[in-house]
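# Structural characterization, general
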Amino acid sequence: MRTLSYSGAILEGFREKMESDEDVFILGQGVTNPWYVGDSMQDLDKIFGAERVIDPPVSEQGMNGVVVGAALAGMKPIVVHPRVDFLVMGIEQIINEAANWSYMFDGQISMPLTVRAIINRGGEQAAQHSQALQAIFMHIPGLKVVMPSSPYDAKGLLISSIEDPDPVIYIDDRWLYDLTEDVPEGLYRVPIGKGKIRIPGEDVTIVAISSMVPEAEKASNVLLEDGIKAEVIDLRTLKPWDTELVLDSVRKTGNLIIADAAWRTAGSAAEISAHVVENLFSELKAPPVRVTLPDVPAPASRSLEEAYYIDSGDIINAVRKTLDTN
Amino acid sequence: MEHLLDIYRSMFTIRKFEEIASRQIVDERIRGLLHSSEGQEAVAAGVCLALDQNDYLTSTHRGHGHAIGKGVHINLMMAEIFGKVGGANKGKGGSMHIADSTVGMLGANGIVGSSIPLACGAALKAKIMGTNQVAVSFFGDGATNQGVLHESMNLASIWKLPVIFVCENNLYAQSTPSDYSVSIENIADRAKGYSMPGEIVDGMDPLAVFDCAKNAVSRARDGDGPTFIEAKTYRYRGHFLGDNPLRYRSDSEEFDWKKIDPIPRFRVFLLEEGGATKDELDDMELAINENIVRAVEFAKKSPFPSHEELEKDVYDNYPKDQLNRTVSSME
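Residues numbered from 1 in each chain as written. Chains lettered and ligands numbered in written order. Predicted model: local features only at pLDDT ≥ 70, side-chain atom pairs only at ≥ 80, totals over all residues.

## Quick notes on the overall build of chain B
Helices and strands together make up the secondary structure of chain B, namely 11 helices and seven strands. What you see for chain B is a C-alpha radius of gyration of 19 Å, in line with the 20 Å of a compact globule of 331 residues. Its C-alpha atoms give chain B principal-axis dimensions of about 50 × 50 × 40 Å. Here the contacts in chain B between residues at least 6 apart in sequence split such that 75% fall between residues at least 24 apart. (Helix = DSSP H or I, 4+ residues; strand = E, 2+ residues; numbered from the N terminus. Rg over C-alpha atoms; globule rule 2.2 N^0.38 Å. Contact = placed C-beta atoms within 7 Å.)

## A few points about the pairing of strand β7 (residues 227–232) of chain B
Residues and elements named next belong to chain B. Among the six residues that make up β7, six are buried, leaving the element largely enclosed by the rest of the structure. Burial of β7 is two-sided: the residues Thr227, Ile229 and Ala231 facing one way and the residues Phe228, Glu230 and Lys232 facing the other way are all buried. By the bridge criterion, six bridges tie strand β3 (residues 163–169) to β7 in an arrangement that is parallel. Looking across to β7, one finds that Ile164 is bridged to Thr227. Pairing of strand β6 (residues 198–202) with β7 involves five bridges; the strand directions are parallel. In the strand pairing of β7, Asp202 is matched with Lys232. (Buried ≥ 20, exposed ≤ 12 C-beta atoms within 10 Å, placed from the backbone. Pairing = 2+ DSSP bridges.)

## Considerations on helix α10 (residues 212–225) of chain A
Because the α-helix completes a turn every 3.6 residues, residues three or four places apart line up on one side. When the terminal C-alpha atoms of α10(A) are compared, their 20 Å separation across 14 residues agrees well with the 20 Å that a helix rising 1.5 Å per residue should span. Of the positions making up α10(A), those classed as buried are A:Met212, A:Val213, A:Pro214, A:Glu215, A:Ala216, A:Glu217, A:Ala219, A:Ser220 and A:Leu223. (Expected span 1.5 Å × (residues − 1).)

## A closer look at the pairing of strand β10 (residues 204–208) of chain A
Residue and element names in this part refer to chain A. The buried count for β10 comes to five of five residues, which makes it a mostly enclosed element. Judged by which residues are buried, β10 turns out to be covered on both faces: Val204, Ile206 and Ala208 on one side and Thr205 and Val207 on the other are all buried. Judged from the five bridges that link them, β10 and strand β11 (residues 230–234) form a sheet pairing that is parallel. Its bridge partner lying in β11, Ala208 is registered against Asp234. For the segment spanning β10, α10 and β11, crossover handedness is right-handed. (Right-handed = clockwise from strand over helix to strand, strands pointing away.)

## A few points about the sheet that holds strand β9 (residues 196–199) of chain A
Residues and elements named next belong to chain A. Taken in spatial order, the five strands line up as β9-β11-β10-β13-β14 in an open sheet, and their pairing is mixed. The strands lining the two open edges of the sheet, one partner per strand, are β9 and β14 (289–293). Across the sheet, the axes of successive neighbouring strands diverge by a mean angle of 25°, strand direction being ignored. The strands touched by helix α12 (residues 268–280) within the sheet are β10, β13 (256–263) and β14, with β13 carrying the most contacts at an inclination of about 155°. (Axes fitted to C-alpha atoms, helices over the stretch in contact; angles between N-to-C directions.)

## So, the sheet that holds strand β1 (residues 56–58) of chain B
Residues and elements named next belong to chain B. Sheet architecture is open: five strands sit in the order β1-β2-β3-β7-β6, paired in parallel fashion. The two strands at the open ends of the sheet, each matched to only one other strand, are β1 and β6. Pairs of neighbouring strands in the sheet enclose a mean axial angle of 20°, with direction left out of account. Against the sheet, helix α5 (residues 116–129) makes contact with β1, β2 (135–140) and β3, and its axis sits at roughly 170° relative to β2, the strand it touches most. Strands in contact with helix α8 (residues 206–221) are β3, β6 and β7; relative to β7, the strand with the most contacts, it is inclined by about 170°.

## What to know about unusual backbone geometry
Here the residue pair A:Lys239 and A:Pro240 is connected by a cis peptide bond, since its omega of -5° sits within 30 degrees of zero. Assignment of secondary structure puts A:Pro240 in the loop between β12 (237–239) and α11 (243–253). The backbone phi angle of A:Ser210 is positive, close to 55°, even though this residue is not glycine. Positionally, A:Ser210 belongs in the loop between β10 and α10. The residue B:Lys90 is not glycine, and still its phi comes out positive at about 55°. Following the sequence through the fold, B:Lys90 ends up in the loop between α4 (74–81) and α5. With 24 C-beta atoms packed within 10 Å, B:Lys90 lands in the buried category.

## Concerning the confidence of the model for chain B
Per-residue pLDDT for chain B has a mean of 93; in total, 95% of the residues score no lower than 70. Across the interface, the model reports ipTM at 0.94; the global pTM reads 0.95. (pLDDT = per-residue confidence, 0-100.)

## Quick look at the environment of A:Ile310
All names here are of chain A. For Ile310, the position within the fold is in the loop between α13 (302–308) and α14 (312–325). Sequence spacing of Ile310 and Pro294 is 16 residues, and the spatial spacing of their C-alpha atoms is 9.5 Å. Those residues within four positions of Ile310 in sequence are excluded, and the remaining contacts are Ala261, Val291 and Leu293.

## Some points on the domain arrangement of chain A
Residue and element names in this part refer to chain A. Considered domain by domain, chain A is made up of domain 1 (2–183) and domain 2 (196–325). On a C-alpha basis, the centroid separation for the pair domain 1 and domain 2 is 26 Å. Breaking the side of domain 1 that touches domain 2 down by element, the ones donating at least two residues are α8 (134–138), β6 (144–146) and α9 (151–163). Split into classes, the residues belonging to the side of domain 1 that touches domain 2 amount to 13 nonpolar, five polar and five charged. (Domains from an automatic or database assignment. Nonpolar A, V, L, I, M, F, W, Y, C, P; charged D, E, K, R; others polar.)

## Examining the interface of chain B and chain A
Each side of the interface is counted separately: chain B has 34 residues, and chain A has 35 residues. Those elements that provide at least two residues to the side of chain B that touches chain A are α5 and α6 (147–158) of chain B. The element that contributes the greatest number of residues to the side of chain B that touches chain A is α5(B), accounting for 10 residues. Residue composition of the side of chain B that touches chain A, by class: 18 nonpolar, 10 polar and six charged.

What follows is the structure, given as structure tokens:
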């Protein structure tokens, strides 16, 4: 085995899947330009040609519609938006068309579409280049939403997303691109809908999403010095999310922290919290706590960014408060 | 001669289907929106006859004519409008989403303009895979003011996609007149901005439409890229069944357009110049009427979907081997 970075694992997933399946093609803004997508799509256009790796004009609604139409016609398209924020320009096609056609078509046709969008927070890029909008997609029936936090999962979930018969929103985070770990060569799948226990523990459950997973792991290590054993769950898929894994963990710990670097109101953390409370109310030792961004657009200035973004410190504080109230 | 009769058959079927479907509002057999395409039959019939069965088509909220033209069985259509399990979409789509993948009908569509890039996507597939298929997108004058049409035309042009943009200009987007809402006199002129031919055709003349579409289809199959067709036409009814169009247009305008109704005019043409006989056309019309009455019976008899159906098909789980529903299995 060799190690790959998170972005290198994504690149390898694209390359191997395109080699194995001629129905797969990519339509993505700036896919030939590292300024937009880092090294996560390096040279794919050279390997597979401009007909299968297309760098289109800036036309998000048109692009999204084109991949929906191609999927209806039997292809397995991937559309790439170098910022989640840009995907919003074409969200109409995702919500009105991609999500609905399986149902409206009574399942006659599947919609094997992968929508890759990148979160690129910080760097003083401010409100229109930093948004984490997973909750919007999590809300929509007919969509699946995955957010890998590790190189292994980044590749495995990408391959699963491309092969999945339904539209999958694959959201990766530039903050994770330099992580490295052992990644097998060749096609392998990480199942959509399954979370993973990153660190086992029995005192408190920390459900973390995407970039919050490494922060939760850091928090767990710090807490261990005080004898607090936090179980860290990497949710990996937001829709359909692994309710059993989370409920089983909370049954054991009685305490729940959810860390999601996105807005608070009607967010993913709110949904997870509500589901756990509905199902395990009497077994909870304290109210679940959401560690999220405030309901504020992303600021520009670095001092405001510092106040805005969350990290392991916020998770540690949440755990301590929760255990104190027990 | 045969294609002349096919055009008439198609137009007459659409007209009668719309008339009879519209009457099913009695006893609340139909509760959803119904957007009749009466008056526009020549466009659907003329364009669809220029296509092969495995070509693709995307449509609009006013999509019954396109579906019939593309070959969706009227039993499936009527049952879908009734919300029955025997419908084209098992009652989950309704009038505005009638689709049949087996004949390339990628769906009527409830969002104005939203289906246009879908046709470009189907055309991109044909281009990448070298299948020689073409895709047609029908839309109205209202959709030509949507940004997505312009994005789609630009993409189709730079990629030379085998796609045909067919604008059915019926002069009104719901109730908004196109002479107010469109910045130029002829919508087809917008094609210039995207380096593709912009054809204007009399949408009340099925042969003119057919010829124009045939040229566009050959152009697409030859790899010469997209064509934009503006068919000048008129819808006889309001935007939907409950809409009274006289609130925003005059009865004299309706009267003038009905004077050039494509169906009786084409009937006369068939008799005088097409070599058809009166008996032949009478028989055809009778048979079409009977077929549609049978479609209504089929729709009435078909059960409503059971409540267990509600949560099925949100995600892919359809047994694909059950796709080829034949006409015999429907009767």
